[in-house]
Amino acid sequence: GKDVVASTRCLREATIFNFLALSHRLFGDTCPLVSLSCFQTPQRIPYDEAVQQEFRPAAVGDAFGPTWWTCWFKVELSIPREWAGKEVHLLWDSDGEAMVWRDSQPVQGRGTGSVAPLLPFCSRFCSLNLYMEVACNGLFGAGKGTMIAPPDPDKKFTLNKVELVVFNRDVHELLVDFEILLDMAKHLGEKNQRSFQALYTANQMVNLCDVTDPSTFPAAHQLASAFFSQRNGESQHTIHAMGHCHIDSAWLWPYEESIRKCARSWVTVVRLMEKNPGFTFTCSQAQQLEWVRNWYPGLYAQIQDFARKGQFIPVGGTWVEMDGNLPNGESMVRQFLQGQRFFQEQFGKLCTEFWLPDTFGYSAQLPQLMRGCGIWRFLTQKLSWSLVNTFPHHTFFWEGIDGSSVLAHFPPGDSYGMQGFVEEMLKTVNNNKDKGRVNHSVALFGFGDGGGGPTQKMLDRMKRMKDVDGLPRVQMSTPDQFFSVLERDGSQLYTWIGELFLELHNGTYTTQAQIKKSNRECERILHDVEVLSSLALAQKSAFPYPATKLQRLWRLLLLNQFHDVLPGTCIQLVAEDAMTYYEGEWRTLTESTVIMNTLPWERTEVISRTRPTGADTLALVKVCSMGYSVVKDSLTPPHPVRVVKQLDGSITMENGVIAAHLDSMGHVTSLHLVSSGRCVILFFEPVECGIFCPLDDLQRLCVLKTFRKPVTTLVKPLEIILPGGLRGSVRFSLQISEKSIITQEVILDAMCPYLRFLTQVEWNEAHKFLKVEFPVQARSMNATYEIQFGHLQRPTHWNTSWDWARFEVWSHKWMDLSEHGFGVALLNDSKYGASVHGNTMSLSLLRAPKSPDTTADMGHHQFTYAVMPHLGSFQEAGVIRYAYCLNFPLHTMPADSVQCPAWSAFCVSSPAVVLETVKQAEDRPGVLVARLYESHGSTVVTWLQTCLPVKEAITCDLLEQADPTGHLPLKELGVELSFTPFQVISVLLVLG
């Protein structure tokens with residue numbers, strides 16, 4: 001046995017030696033260029049402008065740059081006449097990504113790294129002029145030292161090689177033959193009969209092939225062809241191969257570079273489609289297609305042509321591949337709405353599959369949103385990255401919190417960037433968790449993340465594996481073909497209910513706090529502007545609803561929700577771009593004396609308003625549901641706020657609903673419900689957590705144990721700012737370190753059931769994590785967290801690995817820990833990272849990673865969170881509504897803009913149902929869309945009441961397509977709607 005193994009090893013090594021010798025024959029004769037010249041620019045300029053510049057002589061070995069510049073090369077070449085009938089390539093090796101231009105059109109793209117042939121030329125062209133647009137960055141940016149490190153701003157790039165060569169196609173074919181055979185011999189294993197057959201076939205080819213005599217090549221290739229023609233049995237697993245090029249819309253490079261990455265990648269795909277009619281390629285993200293449509297119209301026309309042929313396949317249905325956790329429910333709806341409308345308008349069809357291979361987890365509300373947008377299939381692979389537990393399925397039904405179900409598939413190869421290797425195909429079969437239930441899976445091939453896409457060599461590999469004995473069948477396919485097979489044969493599939501939680505990258509819930517805060521603010525602004533514009537339209541049909549501007553603003557917001565921007569895993573340049581989009585396009589509403597409420601319930605709150613004298617005063621106001629009230633005088637609260645300083649420097653605050661006691665350090669040492677006397681808080685303090693984890697900069701937070709360092713150094717002692725009445729507040733400052741300080745104003749308003757913390761932080765730390773903890777007197781095995789259009793429960797214990805892997809989770813506006821009859825909610829206006837362990841509720845405030853952005857979260861921050869004790873369940877206590885109120889403040893408007901003292905446009909009879917959105921329907925002036933959802937987790941019947949002139953009401957899907965059977969009778973009480981738990985319903989309201 002040992003002799004056989006040794007003999008096999010020697011045979012393999014001899015075959016590999018000959019394989020390497022043959023590889024040196026891939027290129028034949030060479031010829032230098034006629035001339036080469038270049039010019040550099042810090043800008044990304046269009047071709048027409050570039051070719052007008054003054055070019056200077058250039059040569060191999062020249063350096064260009066620095067990072068993010070562009071170097072344009074003018075290439076003049078002449079093909080020797082003696083090369084007639086031969087396949088001629090231009091070899092180009094530069095450190096930066098490149099695009100080849102010819103006759104004013106992009107014709108070929110390439111990445112960075114080893115020498116790669118570009119643009120095969122027909123030898124009848126004796127001379128030719130090309131332009132090469134070279135970006136001073138690599139496929140993965142320009143990290144200093146490591147890929148994920150911040151970019152090196154002074155990096156230089158080198159032109160390493162450029163020449164014309166004769167490409168020996170027969171050598172290429174033999175090299176691919178050898179590669180597949182040797183990989184089969186290696187990866188099938190020495191106990192596999194087919195492994196030996198592959199190795200001995202390769203050895204026979206070596207014996208026939210003389211690398212110095214091309215006339216011996218056909219016989220060797222014929223041997224390989226005979227081997228690859230030996231077919232599989234009928235039971236063999238089938239792999240559906242699809243070309244793919246995951247391009248991050250921004251990550252280690254800015255948005256503008258992603259535009260060029262798309263063009264470089266897709267023009268290469270188009271060239272491959274011209275040569276390979278059976279090649280199919282999947283492409284997601286409507287935003288990227290829109291970029292190419294605007295910047296490269298000639299290329300876009302070719303893409304549309306191949307889309308009509310069924311080779312270039314738009315997938316996904318969303319505007320970008322967004323983060324799957326942090327956008328609110330309406331934002332997720334708009335991702336699908338904008339994406340599906342684009343695909344319908346540009347390619348004549350809606351996507352049936354949601355395509356999100358690379359994000360940091362998936363909300364349990366997504367199945368319902370997908371279904372509502374005409375999608376019932378889902379593909380990702382990201383959960384294979386989980387650090388603790390292995391997800392138990394690759395093909396399954398995924399059921400959301402409302403009961404909606406979609407067919408989900410995770411490619412078992414655990415990659416969206418395969419290269420067509422034998423090892424990848426075998427892993428796809430062997431790693432499949434659903435053997436016996438399904439016999440089909442997907443393999444996505446092509447360089448990704450930074451673009452690049454498939455290559456001819458990848459296609460040639462898979463052609464040989466199409467149906468060869470010993471390997472799974474590998475067939476070029478489409479998403480529709482694959483999912484159709486699953487739908488036909490998937491009766492034995494299991495169902496996974498709830499969120500798909502990624503046990504990795506938990507820091508993405510907190511990093512880049514300003515981006516997250518701006519996202520929440522812009523979601524609120526768009527909600528309010530759409531509500532107010534809709535009400536104006538209903539009152540005055542001539543009102544110019546700002547549809548075009550709103551679409552532009554929505555698309556900017558959706559772009560910034562890309563899965564490397566909103567989560568904060570991007571470089572500084574991207575963060576700056578994102579903040580520019582947030583700050584440059586948004587306007588707040590005017591301040592005056594009419595109080596506007598954009599939420600669908602009546603509100604009584606304390607507001608600050610400006611008097612004609614210019615002074616700011618407080619007022620307690622009551623405002624109609626989704627409407628306005630004219631306020632002249634403040635209401636009188638039944639119990640004014642009292643703020644009292646004790647002899648020991650501590651302070652008590654009380655408003656008849658809750659009572660708090662703060663010690664001289666600003667710690668909340670107790671919090672009581674006045675009506676019951678129930679104590680809520682055991683002790684509160686802000687905690688600076690140093691991450692005991694070397695992978696912090698990768699956003700992983702992969703180690704559960706952290707050291708806690710309470711912030712206890714007092715800078716400014718606790719003092720009373722507002723003594724009470726309508727509002728009481730106290731302020732103090734603590735030193736976090738020599739570089740960082742936190743200032744808090746603790747606020748209690750009249751009639752308000754929560755204690756609010758207006759927090760300002762000067763944050764200049766490294767590898768630190770700032771959290772706030774509330775140890776509360778409540779006990780439950782589960783805590784509740786808000787997600788899109790609903791909520792879910794997660795354990796407060798670490799019994800199993802699935803439990804402790806969720807040591808840090810995501811939430812939206814609120815989370816709650818309740819026992820029977822009593823609970824505590826933690827509300828916030830801009831935070832997402834949270835956890836509840838035992839009886840300690842924790843909110844993540846700021847991080848300080850140093851890669852890929854050394855400046856992430858550095859500087860000034862302002863945010864608000866609040867703690868709300870309550871009797872009964874959080875549903876009965878109105879936690880959901882109070883969290884909305886914290887995030888959607890009342891607006892003041894000019895008094896002369898209204899015609900009556902109070903007016904309510906909409907209200908909903910059930911407290912379980914939230915009217916989330918009111919907007920004008922897409923492309924349908926005079927029609928409003930009202931979107932509602934059931935928020936308590938209950939089955940309920942409610943009335944949607946309105947004073948608007950509605951003449952017809954029809955239910956519709958999330959794409960605003962009317963349900964033919966969805967006409968709703970208009971009754972005196974309004975429109976009657978029936979909800980199941982967490983159901984989302986949209987209604988078209990046709991105005992009279």
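Residues numbered from 1 in each chain as written. Predicted model: local features only at pLDDT ≥ 70, side-chain atom pairs only at ≥ 80, totals over all residues. Heavy atoms only, no water.

1. Quick word on the overall build of the chain
Across its full length, the chain carries 19 helices and 54 strands. Its C-alpha atoms give the chain a radius of gyration of 32 Å, near enough to 30 Å, the size a compact globule of 992 residues would have. Seen through its C-alpha atoms, the chain measures out along the principal axes to roughly 100 × 70 × 60 Å. For the chain, the residues scored as buried account for 61% of the 992 residues in total. Pairs at least 24 apart in sequence give 73% of the contacts found in the chain among residues at least 6 apart. Summed over its atoms, the accessible surface of the chain is roughly 37,000 Å², and 52% of this surface lies on carbon and sulfur atoms. (Helix = DSSP H or I, 4+ residues; strand = E, 2+ residues; numbered from the N terminus. Rg over C-alpha atoms; globule rule 2.2 N^0.38 Å. Buried < 20%, exposed > 50% of the residue type's maximum accessible area, 1.4 Å probe, protein only. Contact = heavy atoms within 4.5 Å. Areas by Shrake-Rupley, 256 points an atom, 1.4 Å probe, with all protein chains shown as cover.)

2. Here's the deal with the packing of aromatic side chains
Enumeration according to the criterion identifies 42 aromatic pairs in this entry. With 5.7 Å between their ring centres and 85° between their planes, tyrosine 47 and tyrosine 131 make a pair best called edge-to-face. Of this pair, tyrosine 47 sits in helix α2 (residues 47–50) while tyrosine 131 sits in strand β10 (residues 127–135), placing them 84 residues apart in sequence. The exposure classification of tyrosine 47 matches that of tyrosine 131, with both residues buried. Taking 4.9 Å as the distance between ring centres and 40° as the angle between the ring planes, the aromatic pair formed by tryptophan 814 and phenylalanine 874 counts as tilted. Of this pair, tryptophan 814 sits in strand β40 (residues 814–819) while phenylalanine 874 sits in helix α18 (residues 874–877), and the two are 60 residues apart along the sequence. The class for tryptophan 814 is buried, based on a relative accessible area of 1%. (Phe/Tyr/Trp six-rings, centres within 6.5 Å; stacked < 30°, edge-to-face > 60°.)

3. Thoughts on the sheet that holds β10
Taken in spatial order, the 6 strands line up as β3-β2-β5-β10-β7-β8 in an open sheet, and their pairing is antiparallel. The strands lining the two open edges of the sheet, one partner per strand, are β3 (56–57) and β8 (105–110). The pairing of strand β7 (residues 98–102) with β8 spans 5 bridges and is antiparallel. Within β8, the residue paired with valine 100 across the bridge is glutamine 108. Each of β5 (70–78), β7, β8 and β10 is contacted by helix α6 (residues 255–275), which is oriented at about 95° to β8, the strand it contacts most. (Pairing = 2+ DSSP bridges. Axes fitted to C-alpha atoms, helices over the stretch in contact; angles between N-to-C directions.)

4. Looking at the packing of helix α3 (residues 169–187) against helix α11 (residues 422–430)
At a minimum axis distance of 9 Å, the contact between α3 and α11 shows a crossing angle of 45°. By the criterion of interaxial angle, the relationship of α3 to α11 is oblique. Two secondary-structure elements touch here, α3 through Ile180, Asp183, Met184 and His187 and α11 through Val422, Glu423 and Leu426. Each residue belonging to the contact of α3 with α11 can be placed in one class, and the counts come to 4 nonpolar, 1 polar and 2 charged. (Parallel < 35°, antiparallel > 145°, perpendicular 65-115°, else oblique. Nonpolar A, V, L, I, M, F, W, Y, C, P; charged D, E, K, R; others polar.)

5. Section: the UniProt feature "domain: Glycoside hydrolase family 38 central" (unreviewed entry) in the chain
As recorded in UniProt, the feature "domain: Glycoside hydrolase family 38 central" (unreviewed entry) lies at residues 503–582. In this annotation, residues 503–582 is assigned 65% helix and 0% strand; the end-to-end C-alpha distance for the span is 30 Å. (UniProt positions renumbered as here; feature names shortened; annotations may be inferred.)

6. Some thoughts on the nonpolar core
Side chains of nonpolar character tend, in soluble globular proteins, to be buried together. By size, the foremost hydrophobic cluster in this structure holds 250 residues, and its most contacted members are Phe312 and Phe378. With 28 residues, the next largest nonpolar core counts Leu33, Leu36, Ile79 and Trp83 among its residues. (Core = buried A, V, L, I, M, F, W, Y, C linked by side-chain atoms within 4.5 Å.)

7. Observations concerning the environment of tryptophan 814
In the structure, tryptophan 814 is positioned 410 residues away from serine 404 in sequence and 24 Å away in space, judged by C-alpha atoms. Residues in contact with tryptophan 814, not counting those within four places in the same chain, are Thr784, Tyr785, Glu786, His791, Leu826, Leu827, Asn828, Phe874, Val879, Ile880 and Ala883.

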